[in-house]
Amino acid sequence: MYKLNGVKLPIAAMKEHMKLLYNGKTYNISRGTLLSELFKRENMDIPMVCAGMGRCGKCKVRFVSGAPRATSADSSFFSEDEIKSGWRLACRAVITEDAEIETDLSAAKEDKAFSIKEESREDKCEDLSSGNFVAAIDIGTTTIAAAIISPKDGNDIIKKAVTMNHQRSYGADVISRIKAANEGNADVLRKLVTDDLKGLLKNVALKEVVIAGNTTMLHLLVGDSCEGLGISPYKPVRLSYPEMSFSEVLGVTFEEKDIYDETECRIMPGISAFVGADIVSGMYALDFYKIPEGKTYMLIDLGTNGEMAVADSKKITVCSTAAGPVFEGGGISCGMAGVSGAIEHVKIDKEKKTADYRTIENTEPLGICGSGVLELVSELRRCDIVDETGLLADEYFEEGFILYKDEKKTISFPQNDIRALQLAKAAIRSGIDTLLSEHGITSADVDKVYIAGGFSEHLDIDMIKALKMLPEGFINKNITECVGNTSLKGCIKALGDCDYQKKITDIAARSSEISLAGTDTFGESFISAMNL
Ligand code: FES
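A few points on the structure. Residue indices follow the written sequence of each chain, beginning from 1 at its first position. For a predicted model such as this one, the threshold for reporting local features is a pLDDT of at least 70, and the threshold for listing and counting side-chain atom pairs is 80 or more; totals across whole chains, interfaces and linings nevertheless cover every residue. Excluding hydrogens and water, the side-chain values take into account all heavy atoms of the structure.

1. Considering helix H14 (residues 486–495)
- For the exposure calls, accessible area comes from a 1.4 Å probe over protein chains only, and a residue counts as buried if that area is under 20% of its type's maximum, exposed if over 50%, partly exposed in between. Secondary structure elements are taken from DSSP: a helix is a run of H or I of four residues or more, a strand is a run of E of two residues or more, and numbering for both begins at the N terminus. For H14, a buried count of eight out of ten residues is recorded, marking the element as mostly surrounded by other parts of the structure.
- All of the buried residues in H14 are Thr 486, Ser 487, Leu 488, Gly 490, Cys 491, Ile 492, Ala 494 and Leu 495.
- Its side-chain oxygen 3.2 Å from the backbone nitrogen of Ser 487, Asn 485 forms the N-cap of H14. The definition of a polar contact used here is a pair of N or O atoms within 3.5 Å, where within protein one atom must be able to donate a hydrogen and the other to accept one, and adjacent residues in sequence count solely through side-chain atom pairs.

And the structure:
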């Protein structure tokens, strides 16, 4: 026997060959193949939020025939009936006989909704291969966003495109990606992200590209080793990059070189292993290099790596806090990315205890995305359906709070999901409190708060009051603004700014990072921030 991801696989049986039928195609595989490994090898996209640890329940497949023995992880995600009808987790399913499978329909729909999404300006449909354009790119852990810009039209955005970061089959957060890279998958991860970029920029000849992303994403993009990022004292290979050609960054083959070898590429600098170029780019987008005397601004980027900065005219203090994938819908039983069909807003009737919701693009609900999760838990608390410790009222304990139900699916929010959200919000709230105190101020001294992150575009700040994720004054004083993807906005701004280098260097130089775990107050603050 040998073990892969904690699953025991029979060595002797490896030589036998099996047939696996999926989506009308037959795969010849060795007996003992772990299904999720086949998915990765064949570049078949399936959500694997926990990187195959059997903890997130996202890699659901149904065996039409040849189902392997159910594991304990299967039993914690599927009912007995579901197990009988062939449902298994792909990351636990060891193929031991010929089989036929189908994937979770809602996951497939989410994928479809998340294949490249483009918005183009019809009045600007000139030839995109003319080479007159420049591009801004933000490489996020979950999504990759690009904006194509026409400098001759006063930096007008002529096309925006977003795609899933297909590295996600190696886990939802940076820690899983670092681990996967250090286990020999760095080249695969690099290929996945460069293929995503090529897909986003297809047919567009570019003069210049500016890229931002967190430190791990940029290491994986340019092929730097992630070894130092995976172990204390968390040393990146580098935090700033020389100007390169875009083909160098992509590591493209000789035949492709004619497209990008003339394209200049600038990569934004980062501050540390976990406070990356994305937050630097965000601070630059929000003019943190020219904060007026006597004013204090704060930037909170609600992603898996919860980076934040507090700044005045003299100094900037930054930190990162491990919030996990909840804000992007990960680690939640019915969670999904913020794409068509995701429940983005929730309002509960306090008397009837029924929920009213709205989905992105007003389509049939498939699951719940980050903004929906925050609003739902805030509403559950406001309506006393959960108590201040986060415990669901007895009548909801079994099934969770049900948002939607038809014959085929139920979208509910069980106790475990509330706990996952409590951990994420406690990481953010205690991060805010500790950062402010290390900067030598309190929340009352802050004049402006920016909430960044792709999903913040869907967030209604007034609807998350009861969550206590932000200090009360941030909401009541009306100083908080949701600003969307500031990392991308910084890259767009840099394309038209000849002083960009000076400003960005100033931001990075004035920033000092604090390690939350190294402060006296973080632990205590985290525990009290768990309460709702
Ligand atoms: S449970 Fe399989 S990837 Fe998370």
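Okay, back to it.
2. Focus: the pattern of salt bridges
- Salt bridge, as applied in this entry: a Lys or Arg side-chain nitrogen positioned within 4 Å of an Asp or Glu carboxyl oxygen. Applying the stated criterion to the full structure yields 17 salt bridges.
- Close ionic contact of Arg 62 with Glu 102 constitutes a salt bridge, the shortest N to O distance being 3.0 Å. Here the residue Arg 62 occupies a position in strand S5 (residues 60–65), and Glu 102 occupies one in strand S7 (residues 99–103), the gap between them amounting to 40 residues.
- According to the relative accessible area criterion, Arg 62 is partly exposed, its value standing at 21%.
- Across the pair Lys 179 and Glu 183 runs a salt bridge, and its minimum N-O distance is 3.5 Å. Of this pair, Lys 179 and Glu 183 both sit in helix H5 (residues 174–200), four residues apart, which is roughly one turn of the helix.
- With relative accessibility at 54%, the residue Glu 183 sits in the exposed group.

3. Some thoughts on the pairing of strand S4 (residues 25–30)
- Here, strands pair whenever DSSP counts at least two bridges between them. Direction of pairing for strand S3 (residues 17–22) relative to S4: antiparallel, over a ladder of six bridges. Considered in S4, the bridge of Met 18 is made with Ile 29.
- Where S3 folds back onto S4 in an antiparallel hairpin, the turn is made up of two residues, including Asn 23, whose phi is positive at roughly 55°.

4. A short note on the sheet that holds strand S20 (residues 367–368)
- In spatial order, the strands read S19-S18-S20; together these three strands make up an open sheet with mixed pairing. Lying at the two open borders of the sheet, with one neighbouring strand each, are strand S19 (354–359) and S20.
- Two elements, strand S18 (residues 342–349) and S20, share two bridges in a ladder whose sense is parallel. Within S20, the residue paired with Ile 343 across the bridge is Ile 368.

5. Some points on the layout of surface pockets
- Within this model, the second largest pocket holds a volume of roughly 1200 Å³.
- Buriedness of a pocket was judged along seven lines, with at least five required to meet protein on both sides within 12 Å; pockets are open sets of points on a 1 Å grid over the protein atoms alone, cavities are sets where a 1.4 Å probe fits but cannot get out, and lining residues have an atom within 4 Å of a point. Lining the second largest pocket are 48 residues, and of these Thr 143, Val 162, Gly 454, Phe 455 and Asn 485 sit closest to its centre.
- Within the residue set of the lining of the second largest pocket, elements represented by two or more residues are strand S8 (117–120), strand S9 (133–139), strand S10 (143–150), strand S11 (156–164) and H14.
- When residues in the lining of the second largest pocket are grouped by element, the largest group, five residues, is from H14. Grid points are joined across faces, edges and corners, and a volume is the space filled by probe spheres set on the points.

6. Comments concerning unusual backbone geometry
- A cis amide bond links Ser 232 to the next residue, Pro 233, at an omega of 10°.
- Residue placement: Pro 233 occurs in the loop between helix H6 (215–222) and strand S13 (244–245).
- Residue Glu 361 is not a glycine yet carries a positive backbone phi of 65°.
- Within the secondary structure, Glu 361 is located in the loop between S19 and S20.
- Although it is not a glycine, Asn 362 sits at a positive phi angle of roughly 50°.

The values are spatial; any link to function lies outside them.
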